[in-house]
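# Descriptive analysis of the structure
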Amino acid sequence: MSPPRRATNTEKSVMANTNAIRYTPLEMIEKFVSFDTTSSKSNLPLLEFARGYLESLGFECEVFPNETGDKANLLARIGPDAGAGVVLSGHLDTVPVAHQNWHTDPFKLTVKGDKLHGRGTTDMKSFLAICTALAPDFAEFPLKEPVYFAMSYDEEIGCLGVPSLVKWLSDLENKPRACIVGEPSNMDVLIGHKGVNIFETTVTGKDAHSSQVNSGVSAIVAAAEMIMFLSQILAEMKERGDPTGTFESGFTSLNVGTIEGGTALNIIPRTCRFVWEYRHIPGTDGDEILNRFNAFAQTKVLPRMQAISSECDIQTKTILRYEGLKPEAGTYAESLALRCAGTRQSGTEAFGTEAGLFQAVGIPTIVCGPGHISQAHQPNEYTTMEQVNRCVAFLRKLLTELRV
């Protein structure tokens, strides 16, 4: 971000008052929802809308494209050159709507009573839309330090986009002193969440007639043995508990989500595939479960299979991995967010966000945004006007905290 000359706060205020169309938070949420930014598609139309609007207010914008140029991050900055600043962050992509029983058009905001239905209303376009709707206020008020709006791509498929944006911020001479990630927290302040680790294991056995069990190797039986091993690890994790003492679900969780294999009852199955995950407590060894699983598969299960047929194999592929947000009480980010939320207590959650990536480069980070996680990824997804209004109040309080 190095334009020939930055506009002063007074000039930005004039531009905000004279040139920019103003949107209500509801209107801006409607605008954001109208763009289909499913992770399999480009986010550029929405990004360019947000960029154009913010630049019209005097925000300085930097775009971080992916390698193919069909997606990008947006970082928009307002305020003085001096000071570390505060980041308001979220992702533009959403999960698919295919094979879900939607009662309304998922890409058209539908208001029913207090509920705002549409894909991304909870996860997590509403936060970014509300920030953008209030952008004229950020441009008008004289700020004592810069404010960044950070909008990323491909969070839903593994936080793939945000690292380039995080690196840019971490390389600043004055690194931001707080980051607020607006994932759905019911507008509660969260200082910690678990890490996410998702894998796909494919087992190759030896097919044979079901009566010839000595010459065949069942991929399903081998998979079942490994799944039982994971079940034993889960029991161990429950016993081990939470060394941080901060998580309500106080242990590293583990789940096998899908399994498929075999072709017919009278054929010993050649293949079986299962997808599994664990969500580890930040600060614990995120590689332990994967390493133990691989060791068990390769040293206990596979040798018995290959003793019957050398074509047997076990392969585990990583689908998604990212670190959690380690609870850090007493940071500026936490105290600022608590004041803005009007509460004295912070908490933790089990779901994952991009927050840990900001924390990893030394930017104190919390999670606080409108909507409840139970609505994320669901058909007929919704947030409520009560949540929208609480988010508006939060951001207006943030303005008073940061103004000169």
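Quick note: structure is the one above.
Because the structure is a prediction, the values reported are computed rather than measured. (Residues numbered from 1 in each chain as written. Predicted model: local features only at pLDDT ≥ 70, side-chain atom pairs only at ≥ 80, totals over all residues. Heavy atoms only, no water.)

### Let's talk about the overall build of the chain
What counts here: Strands are runs of DSSP state E lasting at least 2 residues, helices are runs of H or I lasting at least 4, and numbering of each runs from the N terminus. Partly exposed residues are those whose accessible area sits between 20% and 50% of the maximum for their type, while under 20% is buried and over 50% is exposed, using a 1.4 Å probe and protein chains only. Note on contacts: a residue pair is in contact if any heavy atoms of the two residues lie within 4.5 Å. The protein chains shown are the only cover counted for residues, whose accessible areas, like all others here, come from Shrake-Rupley with a 1.4 Å probe. As used throughout, the charge tally considers Lys and Arg to be positive and Asp and Glu to be negative, leaving His and the chain termini uncounted. Charge positions come from single atoms, namely NZ of Lys, CZ of Arg, CG of Asp or CD of Glu.
Counting its secondary structure elements, the chain contains eleven helices and 17 strands. Taking the principal axes of its C-alpha atoms as reference, the chain extends roughly 85 × 45 × 45 Å. Residues classed as buried in the chain amount to 53% of the 404 residues present. The contacts in the chain between residues at least 6 apart in sequence include a share of 80% that link residues at least 24 apart. When the accessible surface of the chain is summed, it comes to about 17,300 Å², and 52% of that surface belongs to carbon and sulfur atoms. With 37 positive and 47 negative side-chain charges, the chain shows a spacing of 2 Å between the two charge centroids.

### Examining the sheet that holds strand β5 (residues 115–117)
Applicable threshold: Whether two strands pair comes down to DSSP finding at least two bridges between them. Interaxial angles span 0 to 180 degrees and are taken between N-to-C directions of axes, which are lines fitted to C-alpha atoms, for helices over the stretch in contact.
The three strands lie next to each other as β4-β5-β17, forming an open sheet whose pairing is antiparallel. Strands at the two margins of the open sheet, each flanked by one partner only, are β4 (110–112) and β17 (382–384). Adjacent strand axes in the sheet meet at a mean angle of 25°, parallel and antiparallel pairs treated alike. Note: β4 against β5, three bridges, orientation antiparallel. Each bridged residue has a counterpart across the sheet, and for V111 the counterpart in β5 is L116.

### Examining the packing of helix α9 (residues 332–341) against helix α11 (residues 385–402)
The criterion, for reference: Note on terminology: angles under 35 degrees are roughly parallel, angles over 145 are roughly antiparallel, angles of 65 to 115 are roughly perpendicular, and the others are oblique. Note on convention: near helix rotated counterclockwise from far helix by under a right angle means a left-handed crossing. Clockwise means right-handed.
As a packed pair, α9 and α11 sit with axes 8 Å apart at the nearest point and diverge in direction by 120°. Relative to α11, the element α9 lies oblique. The two elements α9 and α11 meet at a crossing, and its hand is right-handed. Of the residues in α11, those in contact with Y332, L336, A337, R339, C340 and A341 of α9 are F394, K397, L398, E401 and L402.

### Overview of empty space enclosed by the protein
A water-sized probe, rolled over the atoms, reveals where empty space remains. Under the convention used in this document: Of the grid points, spaced at 1 Å and generated over the protein atoms alone, those admitting a 1.4 Å probe that cannot get out make up cavities, while open sets with protein on both sides within 12 Å along at least five of seven lines make up pockets; any residue with an atom within 4 Å of a point is treated as lining. Grid points are joined across faces, edges and corners, and a volume is the space filled by probe spheres set on the points. Each residue gets one of three labels, nonpolar for Ala, Val, Leu, Ile, Met, Phe, Trp, Tyr, Cys and Pro, charged for Asp, Glu, Lys and Arg, and polar for the others, Gly among them.
Evaluated as defined, the whole model comprises one cavity of 30 Å³ or more. Reported here for the largest cavity is a volume of approximately 30 Å³. In terms of lining residues, the largest cavity is bounded by I191, K326, E328, T331, Q359, P364, T365 and I366. Broken down by class, the residue content of the lining of the largest cavity amounts to three nonpolar, three polar and two charged.

### Remarks on the layout of surface pockets
As a volume, the largest pocket reaches approximately 400 Å³. Along the walls of the largest pocket sit 17 residues, with E156, R279, F351, G352 and H377 positioned nearest its centre. Contributing elements (two or more residues each) for the lining of the largest pocket: β9 (196–204) and β14 (313–322). Split into classes, the residues belonging to the lining of the largest pocket amount to eight nonpolar, four polar and five charged.

### Some remarks on the pattern of salt bridges
The test is simple: One speaks of a salt bridge when a side-chain nitrogen belonging to Lys or Arg is within 4 Å of a carboxyl oxygen belonging to Asp or Glu.
Under the definition given, this model contains 26 salt bridges. In this structure, D137 engages R22 in a salt bridge whose closest nitrogen and oxygen atoms are separated by 3.7 Å. Of the two residues, D137 is situated in helix α5 (residues 135–140) and R22 in the loop between α1 (9–18) and α2 (25–33); the sequence distance between them amounts to 115 residues. Here R22 falls in the partly exposed class, since its relative accessible area comes to 41%. For R279, the salt bridge goes to E277, with nearest N and O atoms at 3.2 Å.

### Focus: the sheet that holds β14
Reading across the sheet, the four strands line up as β11-β13-β9-β14 and stay open at both edges, with antiparallel pairing between neighbours. Each having just a single partner strand, β11 (253–261) and β14 make up the two edges of the open sheet. Each strand axis lies, on average, 15° off the axis of its neighbour in the sheet, ignoring direction. As defined by bridge partners, β11 adjoins strand β13 (residues 271–279) across eight bridges and the pair is classed as antiparallel. Residue E260 lies in a different strand from β13, and its bridge partner there is R273. Across the face of the sheet, helix α7 (residues 219–240) comes into contact with β9, β11, β13 and β14 while running at roughly 10° to β13. Across the sheet, helix α8 (residues 288–306) touches β9, β11, β13 and β14, and the angle it forms with β14 is around 170°.

### Remarks on the packing of α2 against helix α3 (residues 44–56)
Each pair of packed helices can be summarised by the angle the axes make with each other and by the distance between the axes. Taken N-terminus to C-terminus, the directions of α2 and α3 make an angle of 145°; their axes are 10 Å apart at the nearest point. In contact with M28, K31 and F32 of α2, α3 contributes L46, F49, A50 and Y53. Its residues assigned to classes, the contact of α2 with α3 comprises six nonpolar, no polar and one charged.

### A look at helix α6 (residues 162–170)
Since there are 3.6 residues in each turn of an α-helix, residues three or four apart along the chain are aligned in direction. Note the cut-off: This arc describes the spread of directions from the helix axis toward the C-beta atoms.
Residues V162, L165, V166, L169 and S170 constitute the buried set of α6. For α6, the angular spread of the buried residues around the axis is 135°, confining them to a single face.

### Structural notes on the environment of I191
Position of I191 relative to the elements: it lies in strand β8 (residues 190–193). Residue class for I191 comes out buried when judged on its relative accessible area of 9%. When the C-alpha positions of I191 and P327 are compared, they lie 5.0 Å apart, and in sequence the two are 136 residues distant. Residues in contact with I191, not counting those within four places in the same chain, are L325, K326, P327, E328, A329, E334, S346, G347 and I366.

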